[in-house]
Amino acid sequence: MGLATNFTSSITQDDLGFIWIATVNGVTRFDGLRCINYAPQTGNPQSLTHRITRSIFKSSDGIIWVGTQRGLNRIDPKTQAIKRFYFTNLGEGCNFVRTIAQTPDGLLWFGTNNGVVTFNPVTEKSSLLAIPSDSADRQTASSVRHLLIDDTNLWIGTQAGLYAYNRQTKQFRIFRHDESVPTSLPDNYVLSIARHPRLGEIYVGTRQGRLAVLNPTTGLFRRLPIDAGRGITSILITKNENVWITTAGEGLFRYDAKKNRFLGYKNDENNPRSLVSNSLKTLFEDQSGIIWIGSDDAGLSWFNPKIDKFRSLFDDVGYHPVSTLGKDAASLSFDEQDRLWIATRDGLTMIDPTRQTYRLYRHDPANPKSIGNNLAYTVLAEKTGKIWVGHLTGVSRLDTTTHLFEQIPCLPAPDDLDNYPPFNPKRRDFVAGSQVFSVIQNRDGRVFIGSNEKLTIYDPKTNLFLNQFNDERIRKLPGKNYNTMYLDRFNNLWVGGLGPVYKISPDLKLLDTYIHNEDDLHSLPDEGITDFAEDETGKLWVSSDNGLGRLDEATKKFDVFTTRHGLPNSDIAGLRMTGDTLWVSTSNGVAVTDIKQLRFVPFDEADGLPTSEFESGSSERDGKRRLYFGAMRDLVYIQPGKIRINRFVPPVYLTSFKVNGRELLRNLSATPPDIVLDHDQNQFSFEMAALNFDNPGANRYAYRLEGSEEKWNQTGTRPFASYTNVPSGDYVLHVIAANNDGIWNREGYRLRITIRTPFWETWWFRTAALAALIALVFFIAQWRNRRVAKEQQEKSDLRERIAMSEMKALRSQMNPHFLYNSLNAVRLFVLQNDSDNADKYLVKFARLMRLILGNSRQEWVPLASETEQLQLYLELEQLRFNHKFDFAIETDPSLDQERVAIPPMIIQPYIENAILHGIAHKKSRGFIQVCIKPVGEQLECMVDDDGVGRQKSAALKRSSATSHQSVGLKVTEERLQLIQQRSGKEAGVAMIDKVDDDQEPAGTRVVIRLPLTLQEPV
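Residues numbered from 1 in each chain as written. Predicted model: local features only at pLDDT ≥ 70, side-chain atom pairs only at ≥ 80, totals over all residues. Heavy atoms only, no water.

**Overview of the overall build of the chain**
Then, in step 1: In terms of helices and strands, the chain carries nine helices and 74 strands.
Then, in step 2: In terms of overall size, the chain is more extended than a compact globule, its C-alpha atoms giving a radius of gyration of 55 Å where 1018 residues would be expected to give roughly 31 Å.
Then, in step 3: With respect to the three principal axes, the spread of C-alpha positions in the chain is 180 × 100 × 45 Å.
Then, in step 4: Pairs at least 24 residues apart make up 53% of the contacts formed inside the chain by residues separated by at least 6 positions.
Then, in step 5: Total accessible area on the chain is roughly 48400 Å²; 48% of this is exposed by carbon and sulfur atoms.
Then, in step 6: Side-chain charges in the chain split into 121 positive and 121 negative, and the spacing between the mean points of these groups amounts to 4 Å. (Helix = DSSP H or I, 4+ residues; strand = E, 2+ residues; numbered from the N terminus. Rg over C-alpha atoms; globule rule 2.2 N^0.38 Å. Contact = heavy atoms within 4.5 Å. Areas by Shrake-Rupley, 256 points an atom, 1.4 Å probe, with all protein chains shown as cover. Lys, Arg positive; Asp, Glu negative; His and termini not counted. Charge placed at Lys NZ, Arg CZ, Asp CG, Glu CD.)

Here's what the structure looks like:
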């Protein structure tokens, strides 16, 4: 929301620092960025009495009083509460309140269309002060235009003269115009009055545009040298005693008391920094010294007269070139008379800053004595008084006495660029190149000219030109376009352009070459070189299109500075040294640094820069040590030692605090009441205001929620922020701000915020909930444990029954298998009529069967029983195979064979496999060894044979006609898997093929691992 309307009538500032503007469409409160408007509302007695407001005034108690065309309004700036007052009983014209003043006793005085109304704001009683007049001028005398209070008098400006009402004696003094008296009031229609704070003189402005100063003691007027022709609508005498006046059509004026003259300021449609209008109504100076100017058709202007940083020379002299290209200041040079010569894109301009005059020089095709081309690149004011101008088609030289230009011959000629002259040392009357980019002068008076054909040196003593077409030294120099040139303290020439930088000695020898290397951070910053400067230590500074470089010639390394170091832009335009201070112009503002500290301070349009985009190499310094920088559309200057920054510490406030879109901030006091929120109101937004009006858009803000965070949240120039999901608790929203020059108000603004804790987050609720939760968890855990234990028991019983069944089934498979093999052996003995062996075999077989039958119903048997069973089995097999092998069973002595348990017949299948597939195929006598020993928590059972080995046995089996498939080993492996599953401990078998020294098969070793299980003896 902007200003209520562009027609303003009066301005004031409240104690908090907000600006209040009276307009013909209500009142506006302004914080520098946002406007809040107050207007009459039908049916609302707490709104303004009328939309056309004529005056606004802050009384000593901080209340804002608004006079309208129909009534008076009282506004409390802290609460924005409005109360209406009418003075109809004193006369209808008394409701038209045009001006307001206050005496030290607190009484308010209102200038109306019917005289002066006295009002007591405490009792709210009013009275009318009658202004003495005769019948002829009663109406005009009663039309009060302005009121002013001094120690004893109430000064009343009317349409019929000036009145001084002595508040103590109740007497009037009347001042009117008298044509025969030059020290009388210059005009009876008084529009404005002001009092000099130190001298006590009364300044009076009239409708006819005249301004006079009254000596209250003598009663004589002294007219000031202005005749605006339009009414002087307002007079302001600032705290530092400067006098400003506004007029109703002629703009703004400042009185220069030393020279007794007025300096005028007017609206310029082509200059956005000028006044908004020439038709002005009111003036006001705020707490920080900023001057506000209200117009009756274009709104407000304001400026800070105490801050003097950058100024526009074009503005100072009222520069108006033929085209806007004439404002493009490409190159600058001061002559001996301190006149500034400017190469522009539309000719040459001379400005005399002292006289504030200027002169244009433009190309005229019909005049060969005019400048050769309007597109000028460079200018040099030579010591002899001649002005050199390098341009698109060569170089022209101006005689400042005759104002005529001489066209210096250039080869190859602009109209015959392919016709290069031959090398001829005797011809020295021309400049090499058709485009001249740079012209500088040596200390010895020689002029160095850089062009698109390298270098030309002009000697004014001999009037000769040296270049690559007549001088062998220059011909050998590298490069082509000498765009930027600089002479250092030793007269070495530095040359830059779109490529390397060359250092050339005074005798024109190449000393060094510096190139840009993307992979070397300490190389030349960029190939586009725009300017050079040398500091007091002898180090060379080089500006480029991509950074600023400082060269250390000893190491040939550059220190490179960019925006990361504080520069406003890395596209550097120009350089200028002043002592140990380096000024840098860029494509986005200006920066300054102390070369020892290297801390860049940037300046931009927020600091008063009329423009921010500057021309390459366009900088200069005058005899008063002012610095000048040429820009794309302006010419800026500054007095480096007299920069004044804004020291005003801005008041800081919250102007809005919203929760769910609802405004909660009703009081703008510096000590606002606490805000209490419910737990579901933990998302809020707020707007901040820093009441510094000197470029308020550059004010900066920071905030933090104390009690939740320690670090400041920097928002830059953004004046609003928000929080979401803030936990319950007590907080302080702390807001601080800085003005446009970085002066911070660290005290800032504090708002206490309490977010209530929901009942479910209170300690008693949490304690009860925790106890209930613990009880519930305990109950559920107990119930679940019982249920899980029951399910586990049922599953365990089921697995046990399944495992027992599987074991029994496996053992039932083992027993028939062994019986079949044993009976076959007895049958063989009978068939062979070997009764002795058959008898022995049957005895041992009977004993073995008794053991097998005894163990067949047991899951685990004592190791002693198992080894006895193995002993009988091996003896039977030894008889069956006619003692083809020997065997040995070894049990570790540490094992208690009566307590150590082992699954029955778990080893026998591997012994049987060793006999049938290892020993049986061996031609010589074999040997089988069975070893049982503990290994950690396992029982290791080893069956070792020296048979033919598994590989040969498999080959013999393939060649055999039998198709019998042994299931003993498979069944045993399944038994071992079941043992591992049931016990949860490792159980398994490993087979190892043995080889002899010749790597031939030498038998097989089987290692069975079982859980080491102990059981009580029966």
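After that view of the structure, there is still more to cover.
**With respect to a nonpolar patch on the surface**
Then, in step 1: On the surface, Phe759, Trp760, Trp763 and Trp764 cluster together into a nonpolar patch covering about 560 Å² of accessible area.
Then, in step 2: Along the chain, tryptophan 763 falls in helix H4 (residues 763–831). (Patch = residues over 30% accessible without salt bridge, like charges linked within 9 Å, V, L, I, M, F, W, Y side chains within 5 Å. Salt bridge = Lys/Arg side-chain N within 4 Å of Asp/Glu carboxyl O.)

**Focus on the environment of alanine 864**
Then, in step 1: Turning to its location among the elements, alanine 864 is positioned in helix H6 (residues 863–880).
Then, in step 2: For the pair formed by alanine 864 and arginine 899, sequence separation is 35 residues and the distance between their alpha carbons is 8.8 Å.
Then, in step 3: Setting aside residues no more than four positions away along its own chain, alanine 864 makes contact with Gln897 and Glu898.

**Re the pairing of strand S62 (residues 700–706)**
Then, in step 1: Among the seven residues of S62, five are classified as buried, and the element is accordingly described as predominantly covered.
Then, in step 2: Alignment of S62 against strand S65 (residues 729–738), held across seven bridges, turns out to be antiparallel. If you follow tyrosine 701 over to S65, its bridge partner there is alanine 737.
Then, in step 3: Alignment of S62 against strand S63 (residues 713–716), held across three bridges, turns out to be antiparallel. Note that in S63 the partner of tyrosine 701 across the bridge is glycine 716. (Buried < 20%, exposed > 50% of the residue type's maximum accessible area, 1.4 Å probe, protein only. Pairing = 2+ DSSP bridges.)

**Remarks on the environment of phenylalanine 778**
Then, in step 1: With respect to the helices and strands, the residue phenylalanine 778 is situated in helix H4.
Then, in step 2: By relative accessible area, phenylalanine 778 is classed as exposed at 55%.
Then, in step 3: It is 79 Å that separates the C-alpha atoms of phenylalanine 778 and tryptophan 541, two residues lying 237 residues apart in sequence.

**Some remarks on helix H9 (residues 968–983)**
Spacing of three or four residues puts side chains on the same side of an α-helix, whose turn is 3.6 residues.
Then, in step 1: Relative to the 22 Å expected for 16 residues at 1.5 Å per residue, H9 spans 22 Å between its end C-alpha atoms, a close match to the ideal helical length.
Then, in step 2: Taken together, the buried positions of H9 are occupied by Gly968, Leu969, Val971, Thr972, Arg975, Leu976, Leu978 and Ile979.
Then, in step 3: Following H9 by one or two positions, glycine 984 has its phi on the positive side, about 75°. (Expected span 1.5 Å × (residues − 1).)

**Side note on the packing of helix H5 (residues 835–855) against H6**
Then, in step 1: The geometry of H5 relative to H6 is characterised by a closest axis approach of 9 Å and an angle of 150° between their N-to-C directions. What the angle tells us is that H5 and H6 run roughly antiparallel. In this structure, H5 crosses over H6, and the sense of that crossing is left-handed. Note on element contacts: H6 touches H5 through Ser865, Glu868, Gln869, Leu872, Tyr873, Glu875, Leu876, Glu877, Leu879 and Arg880, opposite Asn837, Lys840, Tyr841, Lys844, Phe845, Arg847, Leu848, Leu851, Ile852 and Asn855.
Then, in step 2: The class makeup of the residues in the contact of H5 with H6 is nine nonpolar, four polar and seven charged. (Axes fitted to C-alpha atoms, helices over the stretch in contact; angles between N-to-C directions. Parallel < 35°, antiparallel > 145°, perpendicular 65-115°, else oblique. Left-handed = near helix turned anticlockwise from the far one by under 90°. Nonpolar A, V, L, I, M, F, W, Y, C, P; charged D, E, K, R; others polar.)

**Here we look at the packing of aromatic side chains**
Then, in step 1: Applying the stated criterion across every chain yields a total of 47 aromatic pairs.
Then, in step 2: Their ring planes at 80° and their centres at 5.1 Å tell us that tyrosine 319 and tyrosine 358 sit as a pair that is edge-to-face. A residue pair is termed long-range when its members are at least 10 positions apart, and tyrosine 319 in the loop between helix H2 (313–317) and strand S29 (331–334) and tyrosine 358 in strand S32 (residues 357–361) qualify at 39 residues.
Then, in step 3: Given the relative accessible area of 2%, tyrosine 319 is considered buried.
Then, in step 4: On the accessibility criterion, tyrosine 358 (30% relative accessible area) is partly exposed.
Then, in step 5: Ring pairs connect the aromatic residues Trp65, Phe85, Phe87, Phe110 and Phe119, which therefore count as one cluster.
Then, in step 6: The ring of phenylalanine 423 has arginine 475 lying over it, and the distance from NZ or CZ to the ring centre is 5.8 Å.
Then, in step 7: When the ring centre of phenylalanine 720 is taken as origin, the NZ or CZ atom of arginine 718, which lies over that ring, is 5.3 Å away. (Phe/Tyr/Trp six-rings, centres within 6.5 Å; stacked < 30°, edge-to-face > 60°. Lys NZ or Arg CZ within 6 Å of the ring centre and 35° of its normal.)

**Topic: the pattern of salt bridges**
Then, in step 1: Overall, the coordinates contain 40 salt bridges when judged by the stated rule.
Then, in step 2: Where aspartate 944 meets lysine 994, a salt bridge forms, and the shortest distance between an N and an O atom there is 2.5 Å. Here the residue aspartate 944 occupies a position in strand S71 (residues 938–945), and lysine 994 occupies one in strand S72 (residues 988–995), the gap between them amounting to 50 residues.
Then, in step 3: Assessed through its relative accessible area of 19%, lysine 994 is described here as buried.

**A short note on the packing of H6 against helix H7 (residues 908–919)**
Then, in step 1: Running from amino to carboxyl end, H6 crosses H7 at an angle of 20°, the nearest separation of the two axes being 11 Å. Looking at the two axes, H6 sits roughly parallel to H7. In terms of crossing hand, the pair formed by H6 and H7 is right-handed. Of the residues in H7, those touching H6 at Leu870, Tyr873, Leu874, Glu877 and Arg880 are Gln908, Ile911, Glu912, Ile915 and Leu916.
Then, in step 2: Of the residues assigned to the contact of H6 with H7, the class counts are six nonpolar, one polar and three charged.

**A look at H6**
Then, in step 1: The terminal C-alpha atoms of H6, which comprises 18 residues, lie 25 Å apart, in line with the 26 Å expected from a rise of 1.5 Å per residue.
Then, in step 2: Following H6 by one or two positions, asparagine 882 has its phi on the positive side, about 55°.

**Details of the sheet that holds S71**
Strands in a sheet are paired, the pairing made by backbone hydrogen bonds, and the direction either parallel or antiparallel.
Then, in step 1: Read from one edge to the other, the open sheet built from five strands follows the order S68-S70-S71-S73-S72, with strand pairing classed as mixed. Looking at which strands have only one partner, the edges of the open sheet turn out to be strand S68 (885–891) and S72. For this sheet the average axis-to-axis angle between neighbouring strands, irrespective of direction, equals 15°.
Then, in step 2: Against the sheet, H7 touches S68, strand S70 (926–935), S71, S72 and strand S73 (1001–1011), its axis set at about 150° to S70.

**Considerations on the sheet that holds strand S5 (residues 53–58)**
Then, in step 1: Read across the open sheet, the four strands follow the order S5-S6-S7-S8; overall the sheet is antiparallel. Either end of the sheet is taken by a strand with one partner, and the two such strands are S5 and strand S8 (81–85). Strand-to-strand twist in this sheet, taken as the mean axis angle between neighbours without regard to direction, amounts to 20°.
Then, in step 2: Two elements, strand S6 (residues 64–68) and strand S7 (residues 71–76), share five bridges in a ladder whose sense is antiparallel. Following the sheet pairing, tryptophan 65 is matched in S7 by arginine 74.

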